[in-house]
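Structural overview for review
Letter by letter, the chains look like this.
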Amino acid sequence: MSALLTVTALHAGYGTVPVLRGVSLYVNAGEIVAIVGANGAGKSTLLGAISGLLPPTGGTIMFRGADVTARPAHRGPASGMALVPEGGRLFPFLTVEDNLLLGGFTVADKAERLRRLNEVMETFPILGERRFQLAGKLSGGERQMCAVARAIMSRPALMMLDEPSVGLSPLMVERILAAVQTLVARIGLSVLLVEQNTVEALEVADRAYVLDHGNFVLDGPARTLAADPRVQQAYMGL
Amino acid sequence: MASFAGVLLAGVLLGGIYSLVAIGLNLIFGVIRVVNFAQGEFVMLGMYATVVAYTLLHLDPYLGMLLVFPLLFVFGMAVQRFILQPLQNEPMMQIFATFGMLMLLQNVVLAVTGGTAVSIRTPASGLTIAVGPLQVSVARVVALLAVTVVAVGLQWALHTTMTGKAVRAVAQDRRAARLMGIDVERTYMLTFGFGAGLAGVAGALLTPIFTLTPQIGGNFILPAFAVVVLGGLGSVWGAYIGGFLIGLTEALAGFYLDPALKQAVWFAIFILVLVVRPTGLFGVVGAEEVGLRVQE
C-alpha cells in the first residue's frame, strides 16, 4: 500500500536562505507521525512547504497519489489536507462558531456544514459553551482546541499540527494530544505532528523523525527513539 | 430655531453623501489594507458613466446605477489584479499606486472632456419636498436612503453569509484564511471590485445633485478620509455614522463660523481623533494591529 503522504528530497527556505536541505518522509493512513527537533531546525518550514504556504525550492510532495508540490495553500482543504498553525491562528474578531464554520469553507452544502459544526461541538463541549464568544477571548487551551476543531471541519485525511503545545500547561498539552489521539481512532485521521516538546510528542506518535539543521538525523518507531540515548540527551533533557 | 433645524437637516443630508463614498473606501481599507486615494476618482467615473448612460441611452441615473455598478466593479477588480496585486508585498507602493491612479484618471478625463463642467437635469434634480417649514431636495433624500440600505445590507452580508465571513477572515489573518481554503487573491479582487462598484453607485446618486467636473473626486475623498478616521477604520457602521458627524460638522461650521473654515474644522477633528482615539469611534480596539501584523 502506498503512503498517504510522501515527501521526497524536499528543499525549502526563505529568500536565499535554505532551511530544509532535502528531507524525505512518509505518513501512512491512520498513523501519527511526529517531527521533533530544536527551535530553528526547520520544523515549521516543513509544514509550510507541505501545506503550500511556502513553495518548495526542490523535491516533490505526493498526497493521495497526486503531485501537490506546487499547489497553492487554499487548495489544501478540498484535497483532504489541513494545517493547524502554531498558536492556532484563530480569527480573533470572529465568534468561535464562525471560526469553525470557516473550517468548513470548502464544504458547499450548508446543511452538511452545520451538521459537522454540531459534531465538533459535541466532541469539544467547551466550544459549544463558547460558541458565540469572540475567538480572541478564549484561553490558550481553548484556542488550541478550537483550532483543531476548525481543521476537523473539512474532514481532512491528514491533519498537520504545528507546535500545539507552545504556551500551554503540561496538563493542557496532554488533553489536546489525547483529543487528537481520540480523533485519529474515531475518524481514521492521519496526523503529522511537529513538536518541540519531544517527550509528549514521542508518547503519542507511532513513528518520528528527528530534524536537525534542515536534515533528518534519526527516524524510526517513536518508542525506539524515546529509548535512544542520543535522543534522550539532546531533546528530552534526560 | 427654524434655521438651526435647517442646518442640522442640511448636515445630515450632506453626511449621507459622505457616508456613501466612505463605506467603499473603508471596505477596501478594512480588508485589503490599502488606502485607496483614487476612490473619489472612482465616484467621478461613476458620475461620467451615469451622464453617458443618460445622454446616449436616456437612462435615468437611478436606473443607470444598474449599469454603473457592474462597470466599476469590473474596473475595480482589474485595478486590484493588475496594479495592486503585483505590489502586494510593498504596502507603501500600493498607496503610491492609488495616488498615481488618482492623477491618471483625473487627467485622462480632463483631456477627454476638455475640462468643461457638465450637469444633467433629471426628474429628481429640482424636486423638493416640504418638511415643516423646510424644503428638502429629493435627490439628497434618495442618497440618504440608499446609503442606509447599503450600510445595512453590507453589514448583514459580512456577518451572515459565508462569503462575508470569508472576507472578514481574510481581513483578520490572510495566512490562516488560505488554510481554510479561501482564495485570498480572489477575495481581494471581489472586495476591491465591490468597493469600486459602491463608488460608482455613489456617483450615480450624486449626478442629479452636483455639477460634474473631472476634479470633483477631491470634494468627496477628503471628507471621506475624515469620516473613516472618525468612524473607525474597517467598520461599516463607523463609516455610516462618521459621515453624518462630518456632514453635521461641516454644516454647523459653515453656518456659525465661516464656510471657508469647514475643511479646517474637519481636519482639526481628524487629527484630534487620531491622537486621542486612533481606533475611531466604532473601530475595534486592536483591529489595526491585526492589519499591520506581518502576515506572510
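Just so it is clear, the structure is predicted and the values come from calculations on it, not from any experiment. (Residues numbered from 1 in each chain as written. Chains lettered and ligands numbered in written order. Predicted model: local features only at pLDDT ≥ 70, side-chain atom pairs only at ≥ 80, totals over all residues. Heavy atoms only, no water.)

**Concerning the overall build of chain A**
Heads up, the condition is: Numbered from the N terminus, helices here are DSSP runs of H or I no shorter than four residues, and strands are runs of E no shorter than two. Two things to know: the radius of gyration comes from C-alpha atoms, and the globule rule equals 2.2 Å times the number of residues to the power 0.38. Relative accessible area decides the class of each residue, using a 1.4 Å probe on protein chains only: under 20% of the type maximum gives buried, over 50% gives exposed, and in between gives partly exposed. Any two residues having at least one pair of non-hydrogen atoms within 4.5 Å are treated as being in contact. Per-residue accessibility takes into account occlusion by the displayed protein chains alone, with areas from the Shrake-Rupley method and a 1.4 Å probe. For the purpose of charge, His is not counted, nor are the chain termini; Lys and Arg are scored as positive and Asp and Glu as negative. Taken as the charge centre is NZ of Lys, CZ of Arg, CG of Asp or CD of Glu, depending on the residue.
Summing up its helical and strand segments, chain A has 10 helices and 10 strands in all. Relative to the 2.2 N^0.38 estimate, which gives 18 Å for 238 residues, the radius of gyration of chain A is 17 Å and therefore close to what a compact globule would have. Projected onto its principal axes, the C-alpha positions of chain A cover 45 × 40 × 35 Å. In chain A, which comprises 238 residues, the proportion classed as buried is 56%. Look at the contacts in chain A between residues 6 or more apart in sequence, and 67% of them connect residues 24 or more apart. Surface exposure of chain A reaches about 10,100 Å², of which carbon and sulfur atoms provide 53%. Between the averaged position of the 21 positive side-chain charges in chain A and that of its 21 negative side-chain charges there is a distance of 6 Å.

**Some thoughts on the nonpolar core**
Selection criterion: What is meant by a nonpolar core is a set of buried Ala, Val, Leu, Ile, Met, Phe, Trp, Tyr and Cys residues, joined one to another through side-chain atoms within 4.5 Å.
Leu5, Leu25, Leu100 and Leu192 of chain A are the most contacted members of the largest nonpolar core, which has 164 residues in total. Looking at which element gives the most residues to this core, the answer is helix H1 (residues 2–32) of chain B, with 13 residues. Excluding residues that lie within four positions of it along the chain, Leu25 of chain A makes contacts with Leu5, Thr6, Val7, Ile35, Leu46, Leu192, Tyr209 and Phe216 of chain A.

**Side note on the confidence of the model for chain B**
Residues and elements named next belong to chain B. As a reminder of what qualifies: Every residue carries a pLDDT, the predictor's confidence in it, which falls somewhere between 0 and 100.
Scored by pLDDT, chain B comes out at a mean of 88, with 95% of its residues at no less than 70. This model gives residues 286–296 a pLDDT under 50, and the stretch forms 23 contacts once residues within four places in sequence are excluded. Interface predicted TM-score (ipTM) for the complex: 0.93; the corresponding pTM is 0.90.

**Section: empty space enclosed by the protein**
All names here are of chain A. To keep things clear, this is the line we draw: Only protein atoms enter the 1 Å grid, on which a cavity is a set of points fitting a 1.4 Å probe that cannot get out and a pocket is an open set with protein on both sides within 12 Å along at least 5 of 7 lines, lining residues being those with an atom within 4 Å of a point. Grid points are joined across faces, edges and corners, and a volume is the space filled by probe spheres set on the points. Note that Gly is not counted as nonpolar here; it falls among the polar residues with everything else outside the nonpolar set of Ala, Val, Leu, Ile, Met, Phe, Trp, Tyr, Cys and Pro and the charged set of Asp, Glu, Lys and Arg.
Counting across every chain of the model gives 3 cavities of 30 Å³ or more. Looking at the largest cavity, its volume works out to about 90 Å³. Of all the secondary-structure elements, those providing two or more residues to the lining of the largest cavity are helix H4 (110–123) and helix H7 (170–187). Ranked by residues supplied to the lining of the largest cavity, first place goes to H4 with 4 residues. Residue classes in the lining of the largest cavity are distributed as 5 nonpolar, 1 polar and 4 charged.

**Re the environment of Val131 of chain B**
Relative to the helices and strands, Val131 of chain B resides in strand E1 (residues 128–131). Its relative accessible area of 42% is what places Val131 of chain B among the partly exposed residues.

**Section: the pairing of strand E4 (residues 58–63) of chain A**
Residue and element names in this part refer to chain A. How we decide: We treat two strands as partners when DSSP finds at least two bridges between them.
In this sheet, E4 lies alongside strand E1 (residues 5–14) in antiparallel orientation, the contact comprising 5 bridges. Pairing of Thr6 across the sheet is with Met62, part of E4. Looking at chain direction, E4 and strand E5 (residues 66–67) are connected through 2 bridges and run antiparallel. Directly across from Met62, in E5, lies its bridge partner Asp67. Count of turn residues in the E4/E5 antiparallel hairpin: 2 residues, of which Arg64 carries a positive phi of about 50°.

**Considerations on the pairing of E1 of chain B**
Residue and element names in this part refer to chain B. Across 4 bridges, the pairing between E1 and strand E2 (residues 134–137) is antiparallel. Bridge pairing links Thr128 to Ser137 in E2. Adjacent in sequence and paired antiparallel, E1 and E2 are bridged by 2 residues, among which Gly132 carries a positive phi angle near 60°.

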